[in-house]
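The chain contents come next:
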Amino acid sequence: MAYDVIVVGVGGMGSAACWQLAQRGQRVLGLERFDIPHTMGSSHGVSRIIRLPYYEDPAYVPLLLRAYELWDAAERATGETLLVTTGSIDGGPEDDELFQGALASARLHRLAHEVLTGTEVNERFPGYRLPAATRAVLQPRGGLIASERAVVAHVRAAQAAGAEIRAREQVLGWEANPSGEGVVVRTDKGRHEAARLVITAGAWMGELAAPLAGLAVAERQVLAWLQPLRPELFTTDRFPVFNLNVEEGRYYGFPVYEVPGFKFGRYHHRGETMAPDAMRRDIDAEDERLLRQFGERYFPDGSGATMALRACIFTNTPDEHFVIDHHPRHPQVVLASPCSGHGYKFCSVIGEILADLATGEGATRHDIGFLRLDRPALRVAAAA
Ligand SMILES: Cc1cc2nc3c(=O)[nH]c(=O)nc-3n(C[C@H](O)[C@H](O)[C@H](O)COP(=O)(O)OP(=O)(O)OC[C@H]3O[C@@H](n4cnc5c(N)ncnc54)[C@H](O)[C@@H]3O)c2cc1C
């Protein structure tokens, strides 16, 4: 066989997997239907939050600690700055799951942190204008990952380690070899054979992996960048990234970085789900109104003229946790759907996990049992 491993989808996760596999001496082919990088999937829009307190589930924290080490390794391998430390704020009402979950995970994993009231956040970081009753966990290692640049960095590192990466080649389907060994991948340009297959197709997972059809659902998101009226308050050294639960919903945001604007978005923006190729990519007045309303209320000094508005895709599972597992019928195939709006920060460690699963005995030392495909929440959803 020409390749040890074919990776389908060279976005956030696939690019990291290509690097990890190539570093292990595997003969790797990465196939990407669009460009490298591109703005049609889930990883564009310049930056993504990385944070250690994890209200979604403290089981992610050990993975995050390793993710930090591997982001550092990628920076050293490429000479690129990929992670910018700003500190992170996770806040909301005192009894809210976001604040309580972040606090519980920080305590459980003994993460350095402070608990602040809304007033204290506003005093310490004057770009914020939170209600006094807000409670927030401030964690010093939080920050942002330059997500588009990281895709390029991982691809460059993978190529330097011997991986073959082909953009503008769309995978149309794949079959396990009748012998049970290896796979054949059909694309719009030909066919390729490999011993193992890793599918990291983002919003298109359900189209390439039947067990995920209906379980990995694409959702339209919109990101806003507004010109700060007081730019000195929205710099990476004075403005921590945030996750906030407020009256209007759950929002996340960033200091000014590359695009000249304070950046933020609303989780599950307008609840628009669709087939990924049918996603509406234009932005309308309601998208802008919804985001500006939040900015003007909680970050008035950040909410000047609109600088940019961009659409992007979430891929949600029913319980909003990732799926990382072998294909239930084909152990030589590994599936990864790590999104639900919070996956990017893990790219570096998921690349390592996917390389573990796609080589040798197919086992990983990382504890990813909670991300398996046959967990009860997904079985119930699949049966419904
Ligand atoms: C607006 C927004 C904000 C977010 N904010 C955060 C955040 O702050 N922090 C965080 O950690 N996470 C965040 N996320 C989630 C994070 O960005 C995703 O978890 C991550 O980008 C998913 O990476 P991926 O590799 O699965 O998808 P992608 O990067 O989209 O990669 C999938 C790739 O597969 C390719 N592909 C699909 N089908 C085929 C085919 N048939 N043949 C060949 N190639 C194919 C696609 O073109 C694409 O390049 C956010 C997501 C969005 C949309």
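Further up the page is the structure itself.
If you're wondering where the values come from, they're calculated on a predicted model, not measured in any experiment. (Residues numbered from 1 in each chain as written. Predicted model: local features only at pLDDT ≥ 70, side-chain atom pairs only at ≥ 80, totals over all residues. Heavy atoms only, no water.)

A.B. asks: What exactly am I supposed to notice about the environment of S337 here?
C.D. replies: Its location among the elements puts S337 in strand β19 (residues 333-337). Measuring from C-alpha to C-alpha, the distance between S337 and A382 comes to 16 Å, with 45 residues separating the pair along the chain. If sequence neighbours within four positions are ignored, S337 has contacts with M205, L212, A216, T315, F322 and V323. (Helix = DSSP H or I, 4+ residues; strand = E, 2+ residues; numbered from the N terminus. Contact = heavy atoms within 4.5 Å.)

A.B. asks: Whenever I open this one, the side chain of D325 confuses me. Can you help?
C.D. replies: Assignment of secondary structure puts D325 in strand β18 (residues 323-326). Polar side-chain contacts of D325 include one of 2.8 Å to the backbone nitrogen of L373. For D325, the contacting residues outside a window of four places in its chain are V333, V334, L335, R372, L373 and D374. (Polar contact = N/O pair within 3.5 Å; in protein donor to acceptor, adjacent residues only side chain to side chain.)

A.B. asks: Explanation requested: the packing of aromatic side chains in the structure shown.
C.D. replies: Describing an aromatic ring pair means giving the distance of the ring centres and the angle of the ring planes. In the structure shown here, the tally under the stated rule is 28 aromatic pairs. Every member of this aromatic cluster is reached through a ring pair, and the members are F125, Y128, F234, F239, F242, Y251, F262, F264, F294, Y298 and F299. The cationic tip of K263 hangs over the ring face of F254; the distance from NZ or CZ to the ring centre is 4.2 Å. Above the face of the W225 ring, R310 is positioned so that its terminal group lies 4.8 Å from the ring centre. (Phe/Tyr/Trp six-rings, centres within 6.5 Å; stacked < 30°, edge-to-face > 60°. Lys NZ or Arg CZ within 6 Å of the ring centre and 35° of its normal.)

A.B. asks: What's the story with the sheet that holds strand β4 (residues 83-85) in this structure? I'm lost.
C.D. replies: Two modes of strand pairing occur in sheets, parallel and antiparallel, and in both the strands are linked by backbone hydrogen bonds. Taking strand neighbours across the sheet as the criterion, the 3 strands line up as β3-β8-β4 in an open arrangement whose pairing is antiparallel. With one partner strand each, in any of the chains shown, β3 (47-50) and β4 form the two edges of the open sheet. Shown here is a sheet whose adjacent strand axes are inclined to one another by a mean of 30°, direction ignored. Direction of pairing for β3 relative to strand β8 (residues 143-146): antiparallel, over a ladder of 4 bridges. Among the inter-strand pairings, I49 is bridged to a residue of β8, identified as L144. Helix α5 (residues 147-160) rests against β3 and β8 of the sheet, and its axis sits at about 50° to β8. (Pairing = 2+ DSSP bridges. Axes fitted to C-alpha atoms, helices over the stretch in contact; angles between N-to-C directions.)

The quantities given are spatial measurements derived from coordinates; they are silent on function.
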